[in-house]
Amino acid sequence: MSALPIRPTDQIVVGLGFLLLIVIGLLCARRSQTDEGYFLAGRSMPGWAVGFSMMATIVSSMTFLALPAFAFGESNWRNCLAHFTYIPAIVIAIFLFIPFYRRSRVSSAYEYLERRFGLWARLYAAASFVLFQFFRTGIVLYAVSLAIQSMLQLEADSLPWIICIAGAIVSIYTIVGGLQAVIWTDVFQGIALIVGGFICFPIIVMQLPGGFGQLLQVAVEDDKFNLGSTELTLSGKTVWAYLLAEFVLFMQLLGTDQTNVQRYAAAKSDKAATRAAAFGCLLAIPTWTCFLFVGTCLYVFVKVVPDTGLEGLTADEVFPRFILTQVPAGLAGFMLTGLFASAMSTLDSSINAVAATVTIDFYKRLWGKQRDSRHYALVGKMISLLFSIAMISTACAIYYTRSSETLDDLQRTLLSIFSGGLLGLFLLGFLTLRVDGRAALMATIVTAFSIGGWLWVDSAVADRFFPFWNVQMPDKLWVGTLANTLLFALAYGVSWIVVNRHDRPLNGLTIWTTTKQHPATEE
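Overview of the structure.

What counts, and where the lines are drawn
Residues numbered from 1 in each chain as written. Predicted model: local features only at pLDDT ≥ 70, side-chain atom pairs only at ≥ 80, totals over all residues. Heavy atoms only, no water. Helix = DSSP H or I, 4+ residues; strand = E, 2+ residues; numbered from the N terminus. Rg over C-alpha atoms; globule rule 2.2 N^0.38 Å. Buried < 20%, exposed > 50% of the residue type's maximum accessible area, 1.4 Å probe, protein only. Contact = heavy atoms within 4.5 Å. Areas by Shrake-Rupley, 256 points an atom, 1.4 Å probe, with all protein chains shown as cover. Lys, Arg positive; Asp, Glu negative; His and termini not counted. Charge placed at Lys NZ, Arg CZ, Asp CG, Glu CD. Phe/Tyr/Trp six-rings, centres within 6.5 Å; stacked < 30°, edge-to-face > 60°. Polar contact = N/O pair within 3.5 Å; in protein donor to acceptor, adjacent residues only side chain to side chain. Expected span 1.5 Å × (residues − 1). Arc of directions from axis to C-beta. Salt bridge = Lys/Arg side-chain N within 4 Å of Asp/Glu carboxyl O. Core = buried A, V, L, I, M, F, W, Y, C linked by side-chain atoms within 4.5 Å. Axes fitted to C-alpha atoms, helices over the stretch in contact; angles between N-to-C directions. Parallel < 35°, antiparallel > 145°, perpendicular 65-115°, else oblique. Nonpolar A, V, L, I, M, F, W, Y, C, P; charged D, E, K, R; others polar.

So, about the overall build of the protein. Of the regular secondary structure elements, the protein holds 21 helices and 0 strands. At 23 Å, the protein has a C-alpha radius of gyration in line with the 24 Å of a compact globule built from 523 residues. Among the 523 residues that make up the protein, the fraction classed as buried is 59%. A separation of at least 24 residues holds for 86% of the contacts in the protein among residues at least 6 apart in sequence. Taken as a whole, the protein presents about 20,400 Å² of accessible surface, with 68% of it coming from carbon and sulfur. Across the protein, the centroid of the 35 positively charged side chains sits 13 Å from that of the 33 negatively charged ones.

This is the structure we're talking about:
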């Protein structure tokens, strides 16, 4: 095993970064003794801090690691345009999702579904969210652990140990400090993430004989800015598939994901929540583009500059090794802090959101009614601990079973699969009057079985028996788009056939039955 190459100065910077996160967690611990304090930060956070947190959570280490690898490899910039669909998704969130959640003062996104369609919808959506987070957090933890292994030049079989240690570190301050600690640490993590990306450009350009002009020339000649295929087909990862898949993904994250709904509720006012969403969008899109460009710069750097030590590495390993070997001491430590922090911003958010979902939508709703707020906070901390263990286990499982897909593709595919038309279900509630719980349930069941059938036909087992079907199937990127469209259309169609039985009032539950803003939340 090679000697650990992290320089002392970098070790100090990284150590100070970790120390700051722990201190923030401890300072927030006293304000996280109740369920509202632990899960919603007392509904008192400023909009700019919530916006930083939203950006850091949605960007995550999947941007710090996966996007440079994406652009460095054969994928190039094929998902660049798709990131701009975050703009219309944010606009919809500001005018649709945020007002609904703020008005109803829910603690969980899935409380709304019970009011609109019944208990089954709440439990189904909550279970889908928790299941997806098992995989998402595992992917993110695996990605950052893989980077650590590459930078430390450790043997391949050391990765499970790195996963366990990294998972334990991020779990500690999250369990102790609650959502308030998550948001304030996200502010630091977001700054480190953004600055870390921009540090790379001058370092690479100064080492190229032809400077920035050569960088662009080589990248254009090798088609590294290729935005992907514009072919009108459902097979393959085309520009259209990425555009629709990413838009649906953003809509789902902003409208149905507990990590964002918690932040809407944590903002101190309606205006603060709106500003947070807009500010997060303004930060996220340039950050995504920046890290795609980092990957392109690394490609040119490895091709043009001799003896960089990056030759022969996989796409996932190049950027972490570049940080360690090419970035000056101190600055490299700051970038390493950004790398670790970007992963933590996703992991801590997911841990707290899952704890809130399980506590509120399952424990409090089904078994632990009429308990005091401190009891629910304690249950939330216990669930955070259990989920942290599950997160570490999932990351280890990915290590043993990972396919050739990039981590970014893997995350997007899993979200599409486990969503099961969840966005369509929420939109049915927000936008329609006709659809009741029965029509929604029938459509949800059909959609879930359709997704299962799709995945089976697309599997290696089905390919041996029905190769023609497998060839005709659309790319899995289309799963989320088609599933949500199917669920919405099917439920609305069934509502015209089955007699409606609205056994609950719709006041304040749809855009057609909404009253004025709730009081005492405007600035």
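Turning next to the packing of aromatic side chains. Taken as a whole and judged by the stated rule, the model has 29 aromatic pairs. Their ring planes at 80° and their centres at 6.3 Å tell us that Tyr101 and Phe430 sit as a pair that is edge-to-face. Taken together, the residues Tyr101 in helix H5 (residues 86-104) and Phe430 in helix H17 (residues 422-431) connect sequence positions 329 residues apart. Centroid distance Phe291 to Phe319: 6.5 Å. Interplanar angle 75°. Geometry classified as edge-to-face.

The topology assignment puts Thr259 in helix H11 (residues 258-266). Residue class for Thr259 comes out buried when judged on its relative accessible area of 3%. One polar contact links Thr259 to Asp257, side chain to side chain, over a distance of 2.3 Å. What Thr259 contacts, discounting residues up to four positions off in sequence, is Phe129, Ser349, Ser350 and Ala353.

Next up on the list: helix H1 (residues 8-29). In this model, H1 (22 residues) spans 32 Å end to end at C-alpha, consistent with the 32 Å of a helix rising 1.5 Å per residue. All of the buried residues along H1 are Asp10, Val14, Gly17, Leu21, Ile24, Gly25, Cys28 and Ala29. Take H1 and look down its axis: the buried residues cluster within an arc of 155°, on one side only. With respect to the buried face of H1, the exposed residues turned more than 90 degrees away are Pro8, Ile12, Leu16, Leu26 and Leu27. On its buried side, H1 packs onto helix H8 (159-207) and helix H14 (331-367).

On to the pattern of salt bridges. Summed over the entire model, instances satisfying the criterion amount to 11 salt bridges. Residue Arg263 is joined to Asp186 by a salt bridge in which the shortest nitrogen-to-oxygen separation is 3.4 Å. Here Asp186 lies in helix H8 and Arg263 lies in helix H11, a separation of 77 residues in the sequence. Here Arg263 falls in the buried class, since its relative accessible area comes to 0%. Taking the relative accessible area as the measure of exposure, Asp186 reaches 0% and is therefore buried. Of the charged contacts in the structure, one is a salt bridge between Arg438 and Asp436, with a shortest N-O distance of 4.0 Å. Salt bridges here are not isolated pairs; linked through shared partners, they connect Glu114, Arg122, Asp361 and Arg365.

Further remarks concern the nonpolar core. Counting 154 residues, the largest nonpolar core has Tyr86, Phe97, Tyr101, Leu141, Trp288, Phe319 and Phe322 as the members making the most contacts within it. At 19 residues, helix H12 (residues 270-304) tops the list of elements feeding residues into this core. The residues contacting Phe319, other than those within four sequence positions of it, are Phe64, Pro68, Cys200, Phe291, Val294, Leu298 and Met335. Membership of the second largest hydrophobic core comes to 11 residues, among which are Tyr38, Ile360, Ala377 and Val379.

Moving on: the packing of H1 against H8. Packing of H1 against H8 brings their axes to within 7 Å, and their N-to-C directions diverge by 105°. In terms of orientation, H1 lies roughly perpendicular with respect to H8. Only Ile169, Tyr173, Val176, Gly177, Gln180, Ala181, Trp184, Thr185, Phe188 and Gln189 of H8 make contact with H1, whose side of the interface consists of Gly17, Phe18, Leu20, Leu21, Ile24, Gly25, Leu26, Cys28 and Ala29. Partitioned by chemical class, the residues of the contact of H1 with H8 number 13 nonpolar, 6 polar and no charged.

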